[in-house]
Amino acid sequence: MTEDQDRAVEPPNDDAQDHYFTARPASAAERRTISVRLAGRDVEVEVASGVFSPGRLDLGTQVLLRTAPALDDVLATRAGGGPAHVLDLGCGWGPIALTMALEAPGATVWAVDVNERALDLVRRNAQRLGLANVRAVVPDEVPDDVRFAALWSNPPIRVGKDVLHAMLLHWLPRLAPGASAHLVVQRNLGSDSLQRWLAEALPPLLPGATVGRAASAKGFRVLEVVAPS
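All of these numbers come straight from a predicted model, not from anything done at the bench. (Residues numbered from 1 in each chain as written. Predicted model: local features only at pLDDT ≥ 70, side-chain atom pairs only at ≥ 80, totals over all residues. Heavy atoms only, no water.)

Trainee: So what's going on with the overall build of the protein? Which residues, and what values?
Mentor: When its secondary structure is counted, the protein shows seven helices and nine strands. Taking all 229 residues of the protein together, the buried fraction comes to 48%. Contacts in the protein between residues at least 24 apart in sequence constitute 70% of all its contacts with a sequence separation of at least 6. For the protein, the exposed area adds up to about 10500 Å²; of that, 50% sits on carbon and sulfur atoms. (Helix = DSSP H or I, 4+ residues; strand = E, 2+ residues; numbered from the N terminus. Buried < 20%, exposed > 50% of the residue type's maximum accessible area, 1.4 Å probe, protein only. Contact = heavy atoms within 4.5 Å. Areas by Shrake-Rupley, 256 points an atom, 1.4 Å probe, with all protein chains shown as cover.)

Trainee: Any details on the nonpolar core? Residues and values, ideally.
Mentor: Leu 71, Trp 93 and Trp 152 are the most contacted members of the largest nonpolar core, which has 46 residues in total. Examining the composition of this core, we find that six residues originate from one element, helix H4 (residues 95-103), more than from any other. (Core = buried A, V, L, I, M, F, W, Y, C linked by side-chain atoms within 4.5 Å.)

Trainee: Tell me about the pattern of salt bridges, and please be specific about residues and values.
Mentor: One pass over the full model with this rule turns up six salt bridges. A salt bridge links Arg 31 to Glu 46, with the nearest nitrogen and oxygen atoms 3.0 Å apart. Here the residue Arg 31 occupies a position in the loop between helix H1 (3-9) and strand S1 (32-38), and Glu 46 occupies one in strand S2 (residues 41-47), the gap between them amounting to 15 residues. Taking relative accessible area as the criterion, Arg 31 reaches 37% and is therefore assigned partly exposed. Salt-bridge contacts for Arg 124 lead to Glu 46; the nearest nitrogen and oxygen are separated by 2.9 Å. Separated by 78 residues along the polypeptide, Arg 124 in helix H5 (residues 116-128) and Glu 46 in strand S2 bring together distant segments of the chain. (Salt bridge = Lys/Arg side-chain N within 4 Å of Asp/Glu carboxyl O.)

Trainee: Describe in detail a negative patch on the surface, supporting the description with residues and values.
Mentor: Where like charges cluster on the molecular surface, the negative patch consists of Asp 140, Glu 141, Asp 144 and Asp 145. With respect to the helices and strands, the residue Asp 144 is situated in the loop between strand S5 (134-137) and strand S6 (148-153). Take Asp 144: its relative accessible area is 66%, and that puts it in the exposed class. (Patch = residues over 30% accessible without salt bridge, like charges linked within 9 Å, V, L, I, M, F, W, Y side chains within 5 Å. Lys, Arg positive; Asp, Glu negative; His and termini not counted. Charge placed at Lys NZ, Arg CZ, Asp CG, Glu CD.)

Trainee: Can you explain the packing of helix H6 (residues 161-171) against helix H7 (residues 191-201)? Please cite residues and give values.
Mentor: Contact geometry of H6 with H7 gives a least axis separation of 12 Å together with a crossing angle of 50°. Considering the angle they form, H6 stands oblique to H7. Remark: the crossing between H6 and H7 carries right-handed chirality. Taken together, the residues of H7 that come into contact with H6 (itself represented by Leu 164, His 165, Leu 168 and Leu 169) are Leu 194, Trp 197, Leu 198 and Ala 201. Taken together, the residues of the contact of H6 with H7 sort by class into seven nonpolar, one polar and no charged. (Axes fitted to C-alpha atoms, helices over the stretch in contact; angles between N-to-C directions. Parallel < 35°, antiparallel > 145°, perpendicular 65-115°, else oblique. Left-handed = near helix turned anticlockwise from the far one by under 90°. Nonpolar A, V, L, I, M, F, W, Y, C, P; charged D, E, K, R; others polar.)

Trainee: Give me H4: which residues, what numbers.
Mentor: With eight of nine residues buried, H4 lies mostly within the body of the structure. For H4, the set of buried residues is Pro 95, Ile 96, Ala 97, Leu 98, Thr 99, Met 100, Ala 101 and Leu 102.

Trainee: For the pairing of S1, give the residues involved together with the corresponding values.
Mentor: Alignment of S1 against S2, held across seven bridges, turns out to be antiparallel. Across the sheet, the residue bridging to Ser 35 is Glu 44, located in S2. Here S1 folds back onto S2, and the loop between the two strands holds two residues, one of which, Ala 39, carries a positive phi near 50°. (Pairing = 2+ DSSP bridges.)

Structure, rendered in structure tokens:
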């Protein structure tokens, strides 16, 4: 059984552990370093308990990072000029945001989470890797006028459907014209129903947007949302 399948069958109200989507985890941080491969590089990063997947690079994020389009190519072909902004929604300790920053050093990478311990880890990991283009912030700290050339996310399914839907409907309409979002969701945690819901719920807020499946691997779907040009 994979780590992600383990999470799927965990009791939802287990008081013995923090939920990774709480703002201030109550457990001791238990910080340590692990070796991972990000953007084709072997790096060491700091992780801690009380955040998502504290022991390794989780399988879903691995699938997303292998199948999302190369970020430098995306930014090279984006419409319009000016500084590029990209978003890691629900960043945890930062594997997606750090990959984005390594692949696109000229872009501003917004790593967004409600978990203060996770945000601290992202900042420390960005500093460890010499990445000055990462902004690890809570949602309200992202300026309202920022539009994203790319959005990558392993969204926190366990927050519940209502919170998840509200989060996606807040951030996906902030895609820049022609930009795309890639979301990885485990199939047995509702990826197909989420795809159908997005196809119905998103167009009123982002007219002309399309929703599809970009990839499927190891029990995960990578959903793709493309904003109109």
